[in-house]
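# Coordinates in review
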Amino acid sequence: MAVDYNLLRVGVDLRAIADNFRLLRSKGTRLIPVIKANAYGHGLVAVARALESCGADFFAVGTVEEAARLCPSVSGTVLALLGPQRREDYQTVVEQGVLPLVSRMDQLAQLQEQAASKDTRLPVALKFDTGMARLGFAPQESPKILAALRRYDRLTPQWLISHLATADDPDQAAFVREQAERFQRVHAAFSLAGHAPLSSLVNSAGLLAFPDLAWDGQRPGIALYGANPFHGTRLEHLGRGLRPAMEVSAPVVAVHPLRKGASISYGRTYVADQDKTVAIVAAGYADNYSRGLSNKGCMLVHGRRAPILGRVCMQLTAVDVTDIPGVVPGDPVFLLGGVGNQRILPEELAAWWGTIPYEVFCLLGMNRRVPET
Ligand SMILES: *Cc1c(COP(=O)(O)O)cnc(C)c1O
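Computed from a predicted model, the values in this text were never measured in an experiment.

### Quick look at empty space enclosed by the protein
If you walk through the whole model with that rule in mind, you get one cavity of 30 Å³ or more. By volume, the largest cavity is sized at about 40 Å³. Partitioned by chemical class, the residues of the lining of the largest cavity number three nonpolar, three polar and three charged.

### A look at the packing of aromatic side chains
Scanning the entire structure with this criterion turns up seven aromatic pairs. Where Phe-128 meets Phe-190, the ring centres are 5.9 Å apart and the plane angle is 80 degrees; that geometry is what we call edge-to-face. Remark: Phe-190 occurs in helix H8 (residues 173-192) and Phe-128 occurs in the loop between strand S5 (122-127) and helix H7 (142-151); sequence separation between them is 62 residues. Across the pair, Phe-190 and Phe-128 agree in class, each one buried.

### Some details on unusual backbone geometry
Outside of glycine, negative phi angles account for most residues, and trans bonds account for most peptide bonds. A positive phi angle, near 70 degrees, is found at Ser-265, a position not held by glycine. Within the chain, Asn-288 stands out as a residue other than glycine whose phi angle is a positive 70 degrees. Along the polypeptide, Asn-288 turns up in the loop between strand S11 (276-281) and strand S12 (298-301). Overall, the relative accessible area of 23% leaves Asn-288 in the partly exposed class.

### Digging into the site of the ligand
Around the ligand, the neighbouring residues are Val-34, Lys-36, Tyr-40, Leu-81, His-163, Asn-203, Ser-204, Arg-219, Pro-220, Gly-221, Ile-222 and Tyr-358. The side chain of Lys-36 places a nitrogen or oxygen atom 2.6 Å from an oxygen atom of the ligand. Starting from 380 Å² of accessible surface for the ligand in isolation, the protein chains cover 94%. When atoms are counted within 2 Å of each cavity's grid points, the one that captures over half of the ligand is the largest pocket. Its residues placed into classes, the shell around the ligand shows six nonpolar, four polar and two charged.

### Quick look at the sheet that holds S5
Taken together, the six strands give an open sheet; going across it, the order is S2-S3-S4-S5-S6-S7, and neighbouring strands pair in parallel fashion. Every other strand in the sheet has two partners, leaving strand S2 (58-61) and strand S7 (198-200) as the edge strands with one partner each. Here the strands of the sheet are splayed against their neighbours by 30 degrees on average, with no regard to which way each runs. The pairing of S2 with strand S3 (residues 77-80) spans four bridges and is classified as parallel. Of the residues in S3, the one forming a bridge with Phe-59 is Val-78.

### As for the nonpolar core
Core analysis: the largest hydrophobic core is formed by 110 residues, its most contacted members being Ile-35, Leu-70 and Leu-126. In this view, Leu-70 contacts Ile-35, Leu-44, Val-45, Ala-48, Phe-59, Val-61 and Val-78; residues no more than four positions away in its chain are not counted. In this structure, Tyr-270, Val-278, Ile-280 and Ala-318 belong to the second largest nonpolar core, which totals eight residues.

### Quick look at the pattern of salt bridges
Applying the stated criterion across every chain, the model contains 19 salt bridges. Between Arg-243 and Asp-13 there is a salt bridge, with the nearest N and O atoms lying 3.6 Å from each other. In this pair, Arg-243 is assigned in the loop between helix H9 (204-209) and strand S8 (246-258) and Asp-13 in the loop between strand S1 (9-12) and helix H1 (14-25), connecting sequence segments 230 residues apart. Among the residues examined, Asp-13 registers a relative accessible area of 23% and is labelled partly exposed. The salt bridge partner of Arg-243 is Asp-19, with a shortest N-O separation of 2.5 Å.

### Some words on helix H10 (residues 346-353)
By the burial criterion, the buried members of H10 are Pro-346, Glu-347, Leu-349, Ala-350 and Trp-353. Down the axis of H10, the buried side of the element spans an arc of 165 degrees, and every buried residue falls inside it. Buried residues along H10 sit in contact with strand S15 (332-339), strand S16 (342-344) and helix H11 (357-365). A positive backbone phi angle near 80 degrees is found at Gly-354, which sits one or two residues after H10.

### Some remarks on helix H3 (residues 44-52)
Of all the positions in H3, only Leu-44, Val-45, Val-47, Ala-48, Ala-50 and Leu-51 are classed as buried. Buried positions along H3 lie against H1, helix H2 (36-40), S2 and helix H4 (64-70).

### So, the layout of surface pockets
Of the voids in this model, the largest pocket is the one considered here, and its volume is about 510 Å³. Together, 24 residues line the largest pocket, and Lys-36, Tyr-40, Arg-134, His-163 and Asn-203 are the ones closest to its centre. Residue classes in the lining of the largest pocket are distributed as 13 nonpolar, six polar and five charged. As for the second largest pocket, its lining consists of 24 residues, and the residues nearest its centre are Gly-226, Leu-242, Arg-243, Pro-244 and Leu-345. Of all the elements in the fold, those that place two or more residues in the lining of the second largest pocket are S1, S8, S15, S16 and H10. In terms of residue count, the dominant contributor to the lining of the second largest pocket is S1 (three residues). The residue makeup of the lining of the second largest pocket, split by class, is nine nonpolar, seven polar and eight charged.

Cut-offs used in this document
- Residues numbered from 1 in each chain as written.
- Predicted model: local features only at pLDDT ≥ 70, side-chain atom pairs only at ≥ 80, totals over all residues.
- Heavy atoms only, no water.
- 1 Å grid on protein atoms, 1.4 Å probe; cavity = no way out; pocket = protein on both sides within 12 Å on 5 of 7 lines; lining within 4 Å.
- Points joined across faces, edges and corners; volume = space filled by probe spheres on them.
- Nonpolar A, V, L, I, M, F, W, Y, C, P; charged D, E, K, R; others polar.
- Phe/Tyr/Trp six-rings, centres within 6.5 Å; stacked < 30°, edge-to-face > 60°.
- Helix = DSSP H or I, 4+ residues; strand = E, 2+ residues; numbered from the N terminus.
- Buried < 20%, exposed > 50% of the residue type's maximum accessible area, 1.4 Å probe, protein only.
- Near = heavy atom within 4 Å.
- Polar contact = N/O pair within 3.5 Å; in protein donor to acceptor, adjacent residues only side chain to side chain.
- Areas by Shrake-Rupley, 256 points an atom, 1.4 Å probe, with all protein chains shown as cover.
- Sits in = over half its atoms within 2 Å of the grid points.
- Pairing = 2+ DSSP bridges.
- Axes fitted to C-alpha atoms, helices over the stretch in contact; angles between N-to-C directions.
- Core = buried A, V, L, I, M, F, W, Y, C linked by side-chain atoms within 4.5 Å.
- Contact = heavy atoms within 4.5 Å.
- Salt bridge = Lys/Arg side-chain N within 4 Å of Asp/Glu carboxyl O.
- Arc of directions from axis to C-beta.

Written out as structure tokens, the structure is:
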């Protein structure tokens, strides 16, 4: 998992994640922290343990394989958001007690078979598609699923789950309401059939903006890692107090002058309009620091913003340190985060990059070196 060729350092402040968890918990009833994709690059086991020590007893991971990796390290329930796909996944679900999120009929059939063969009962979570059009049963399939559950006597529908498509967009609240209504109807159908499943609809943005849709469990992901889902919108205040946990730095490996009229890096896309001093930083697209950042965005050198000059290379990037005196090789440069008040926010880096904080975290997080235990 860890790379060994780069000089990039990814730091994760677990206290910030714990603080964000506590802040979010004050707005919900029961949090199901989403730690899929290696906790958005922050480290699956380390993050889960930090959350467990502040009271989390339920975790959502990406796949059954990821659940199997986590199960030995936590005592809480582990929900696999992408239910079983491969033969061995079904075995893992039963043997490790993973709560599978089921979105297809054939998964129900195989889980029933697996539970019967082990002579056990199995709680399942059912995913309904109320508007994402990605995974899940259609709400109108409820009668068919209820009929199947009467046959599949080993399975208990413990949770009903759906996912919002537009909760972070203040201008698309109407679609959230549409999804919520469809979800409500699914819940009613299950209740009418004598089931008493718990329900969960909201992600980070939904938890912050739609307190009336909290149901029994809330599934925050991005907000746990300190990005504000409403950054730059009129609802920005809803994410106040969240603190980014990831910081990424790399050392300066050269400092030199760039004379007026001289170009720098491949393609000569930057030409100095005056005499400059540049620092070369040991980070590039091989470290998942996107080449799309060429001539865009900044790094933080001695707590000050140094604009990227020219193309980002595979393992090197040049920044302008003309106005930052005393920069020498070995100095740490922050690509994300920083020290004290001087920080590069995940939302800023994402904007320069042309993406969202989710992708920034996942990609830069791949450079983490901390061994998973
Ligand atoms: C990723 C994910 C979440 C978390 O979403 P955030 O926007 O990061 O809060 C919640 N539920 C499901 C099903 C997800 O896939």
